[in-house]
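Residue-level listing of the chains:
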Amino acid sequence: MPFDLTVLTPHLDTLLAGALLTAEVCALGIVGAFTLATALGLLAVGRGWAGRLARLYVDVFRNVPFVVQVFFLFYGLPEVGVYIDAFWTGVLALGLVGGAYGSDVVRSGILAIEPGVVEAAKVSGLSRLAIIRRVVLPIALRTAIRPLGSVFVNLVLSSSILSMITLDEVTGTARGVASETYRPFEVYAFLLAAYAGLTYAVSLGIDALHRRLNRHMAENGAAPGATHGVMGRTA
Amino acid sequence: MMAVEGVVKRFGAHTVLDGVSLTVAPGEVVTILGSSGSGKSTLIRCINGLEALDGGRITVDGLDVSDPRQLARARRLSATVFQMFNLYPHMTVLRNITLAPELVLRRPRDEVEAQAHALLASVGLAGKADSYPGQLSGGQRQRVGICRALAMNPRYLLLDEVTSALDPEMTAEVLAILGKLAARQSGGGGTTMLFVTHEVEFARRISTRIVFLDQGRLIVDLPTDQFFAADGGLAHPRIRQFLSKMAPAAPLAEIPA
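Worth saying up front: this structure is predicted, and the values here are computed from it rather than measured.

1. With respect to the overall build of chain B
Broken down by element type, chain B carries nine helices and 10 strands. Against the globule reference of 18 Å for 257 residues, chain B gives a C-alpha radius of gyration of 18 Å, in line with a compact fold. On the principal axes, the C-alpha backbone points of chain B span a range of 55 × 50 × 40 Å. In chain B, buried positions account for 44% of the 257 residues. The contacts of chain B with a sequence gap of at least 6 include a subset with a gap of at least 24, amounting to 64%.

Spelled out as structure tokens, the structure:
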């Protein structure tokens, strides 16, 4: 049987709809992951109970297989009366796990900030919130954006597992089409290309964002090796 | 008035400040001299609330810096210029200067920007408002650091080894500006300065008073001319030793190859 992509033509709509669904669930998952990563990263640098709690969260979610988290949310939660549909379970699961991995990246971005820069903000009388919003996060995210991109790419890859909770995303759709057409080679070639395209789009977006944010940051930004807690106790 | 009363600061088992007392009255330019590790910078960091005290008390116009509420108010009265500049790397020069006046003092943006442009012009950086710190030389960055501090219209200016990270040429640029600032003080009503430096000759020229820190203790506190008098500060062996090592214009012949 020669390689013949035309066998996909009758199923193209289904496959593209699956790819679109993957893109949607991933886009929302990335937004959730970014938000959670930022919040957890900020909390995790703290020394109090909030910091310990944030670090515990990160450890738990990084040490449990993604598929188990997804099963727990989709099949476990209804037992206690919490019903979430497959799509939003997917968004939630991607957000929760991406937030855990991303928070570590944000946290190290914060720890890499030259402590003196934050001290300058403190002595100028800026409030804690203003320092976080105007100084700490803008600098930390500039450092963190690239490694965050890797986390987001991994989320796109992990989203294939959502086919196991009846979500008609691109992997699940492809499996259906493959068993219907008996042309796994063509179908999975399409799947390969779909994931490569999606992750490439994420990478391109991150690269552009990184360049834009860092265009003026010649040096004097994050100090390599700086390990002080910048939000120290002498506020 | 800034009043430091019997301040003790320890890092672990090491006592950095051991009962330091010092007052700086409005209009004064006080220089803190002392060798590295004598606690000069730590003293500045205690005054602006970056380090918690292990003993004693510091007040700025009566506001106790150990109390978070009062510290917040005290920080509006003083401004600090740092050794490593510590500019916000992601903001333009202009924004570096206007951020705190706008957010902390709640002054209108155009007024603050006008002041920032005037300050930049006064330090020879009129064209640099839209540059980023990463695009400036060290001397230029420190001049921006000075503008950022002055834009707070501080009653007290704390200067922490502001030229130590600069080469001699850039040091001269920055000292020239500080010299002008200090000269303005003699008119009265201006900014009071507390100045940590290794530039002894410069300190001699601009200071009204010089204090000497040695191993966390303030061993001498004298008006400038008495500090350098043979029967004043120079009578103290530790200070004589320090000044002989610091003599800036030592002829090359005296330095062993």
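2. A look at the interface of chain B and chain A
Taken together, the contact pairs 25 residues of chain B with 23 residues of chain A. For the side of chain B that touches chain A, the secondary-structure elements that each account for two or more residues are helix 2 (68-74) and helix 3 (93-103) of chain B. Top contributing element to the side of chain B that touches chain A by residue count: helix 3 of chain B, with three residues. Broken down by class, the residue content of the side of chain B that touches chain A amounts to 15 nonpolar, seven polar and three charged.

3. Quick word on the pairing of strand 8 (residues 192-196) of chain B
Residue and element names in this part refer to chain B. Judged by how many residues are buried, strand 8 sits mostly within the fold: five of five residues are covered. Side chains Thr-192, Leu-194 and Val-196 of strand 8 all project onto a buried face; the interleaved residues Met-193 and Phe-195 project onto the opposite face, where all are buried too. Where strand 3 (residues 29-33) and strand 8 come together, four bridges link them in parallel fashion. Considered in strand 8, the bridge of Thr-31 is made with Phe-195.

4. A closer look at unusual backbone geometry
All names here are of chain B. The backbone of Asn-86 sits at a positive phi, close to 55°, despite the residue not being glycine. With respect to the secondary-structure elements, Asn-86 resides in the loop between strand 6 (78-81) and helix 3. A count of 25 C-beta atoms within 10 Å places Asn-86 in the buried class. Positive phi outside glycine occurs at Arg-106, with the angle close to 55°. Checked against the element boundaries, Arg-106 lands in the loop between helix 3 and helix 4 (109-122). With 7 C-beta atoms counted inside 10 Å, the residue Arg-106 sits in the exposed group.

5. Focus: the UniProt feature "domain: ABC transmembrane type-1" (unreviewed entry) in chain A
Under the UniProt annotation, "domain: ABC transmembrane type-1" (unreviewed entry) lies at residues 19-210 of chain A. Structurally, residues 19-210 of chain A is divided into 81% helix and 0% strand, and its ends, taken at the C-alpha atoms, are 26 Å apart.

6. A closer look at the sheet that holds strand 2 (residues 14-24) of chain B
Sheet strands associate in pairs through backbone hydrogen bonding, adopting either a parallel or an antiparallel arrangement. All names here are of chain B. Judged by pairing direction, the sheet is antiparallel, and its four strands sit side by side in the order 2-1-4-5 without closing on themselves. The open sheet has two edge strands with one neighbour each: strand 2 and strand 5 (63-64). As defined by bridge partners, strand 1 (residues 2-11) adjoins strand 4 (residues 55-60) across five bridges and the pair is classed as antiparallel. Bridge pairing links Glu-5 to Arg-57 in strand 4.

7. Details of the pairing of strand 3 of chain B
Residues and elements named next belong to chain B. Buried residues dominate strand 3, accounting for five of its five residues. Taken together, the four bridges between strand 3 and strand 9 (residues 209-214) define a ladder with parallel strand orientation. Its bridge partner being in strand 9, Thr-31 is matched across the sheet by Ile-210.

8. Concerning the nonpolar core
With 137 residues, the main nonpolar core has Ala-33 and Phe-152 of chain A together with Ile-47, Cys-147, Phe-195 and Val-211 of chain B as its most contacted residues. Residue contributions to this core peak at 14 residues, all from helix 6 (residues 128-158) of chain A. With sequence-adjacent residues up to four places away left out, Phe-195 of chain B is seen in contact with Val-29, Val-30, Thr-31, Ile-32, Leu-159, Ala-203 and Ser-207 of chain B.

9. Structural notes on the environment of Leu-194 of chain B
Residue and element names in this part refer to chain B. Note on placement: Leu-194 falls in strand 8. Counting along the chain gives 163 residues from Leu-194 to Thr-31, while the straight-line C-alpha distance between them is 5.9 Å. If we skip the residues at most four places from it in the chain, Leu-194 touches Met-2, Val-24, Val-30, Tyr-156 and Leu-158.

10. Focus: the confidence of the model for chain B
All names here are of chain B. Taken over all residues, the pLDDT of chain B has a mean of 90, while the share at 70 or more is 93%. Segment residues 250-257 is flagged for pLDDT under 50; beyond a separation of four residues in sequence, or across chains, it makes one contact in the model. Across the interfaces of the predicted complex, the ipTM metric reaches 0.90, alongside a pTM of 0.85.

11. Things to note about the confidence of the model for chain A
Mean pLDDT for chain A: 89, with 92% of residues reaching 70 or above. The model gives residues 219-235 of chain A a pLDDT under 50, and that stretch makes 37 contacts with residues more than four places away or in other chains.

12. Description of the packing of helix 2 (residues 49-62) of chain A against helix 4 (residues 86-111) of chain A
For any two helices packed against each other, one specifies the crossing angle of their axes together with the interaxial distance. All names here are of chain A. Two elements in contact, helix 2 and helix 4, have axes whose closest approach is 9 Å; the angle formed by their N-to-C orientations is 120°. As summarised for this structure, helix 2 and helix 4 are arranged oblique, according to the angle between their axes. The element helix 2 and its partner helix 4 pack so that their crossing is left-handed. Contact residues: helix 2 offers Ala-54, Tyr-57, Val-58, Phe-61 and Arg-62, while helix 4 offers Leu-96, Val-97, Ala-100, Tyr-101, Ser-103 and Asp-104. Split by residue class, the contact of helix 2 with helix 4 holds eight nonpolar, one polar and two charged.

13. Points about helix 2 of chain A
Residue and element names in this part refer to chain A. If you check helix 2, its first and last C-alpha atoms are 20 Å apart, about what 14 residues at 1.5 Å a residue would give, namely 20 Å. Ala-54, Val-58 and Phe-61 are the residues of helix 2 that are buried. Looking straight down helix 2, one finds that the buried residues subtend no more than 80° of arc, so they occupy a single side. Of the residues in helix 2, the exposed ones pointing more than 90 degrees away from the buried face are Trp-49, Leu-56, Asp-59 and Val-60. Of the surrounding elements, those touching the buried residues of helix 2 are helix 1 (12-44) and helix 4.

Procedures and definitions
Residues numbered from 1 in each chain as written. Chains lettered and ligands numbered in written order. Predicted model: local features only at pLDDT ≥ 70, side-chain atom pairs only at ≥ 80, totals over all residues. Helix = DSSP H or I, 4+ residues; strand = E, 2+ residues; numbered from the N terminus. Rg over C-alpha atoms; globule rule 2.2 N^0.38 Å. Buried ≥ 20, exposed ≤ 12 C-beta atoms within 10 Å, placed from the backbone. Contact = placed C-beta atoms within 7 Å. Nonpolar A, V, L, I, M, F, W, Y, C, P; charged D, E, K, R; others polar. Pairing = 2+ DSSP bridges. UniProt positions renumbered as here; feature names shortened; annotations may be inferred. Core = buried A, V, L, I, M, F, W, Y, C linked by C-beta atoms within 7 Å. pLDDT = per-residue confidence, 0-100. Axes fitted to C-alpha atoms, helices over the stretch in contact; angles between N-to-C directions. Parallel < 35°, antiparallel > 145°, perpendicular 65-115°, else oblique. Left-handed = near helix turned anticlockwise from the far one by under 90°. Expected span 1.5 Å × (residues − 1). Arc of directions from axis to C-beta.

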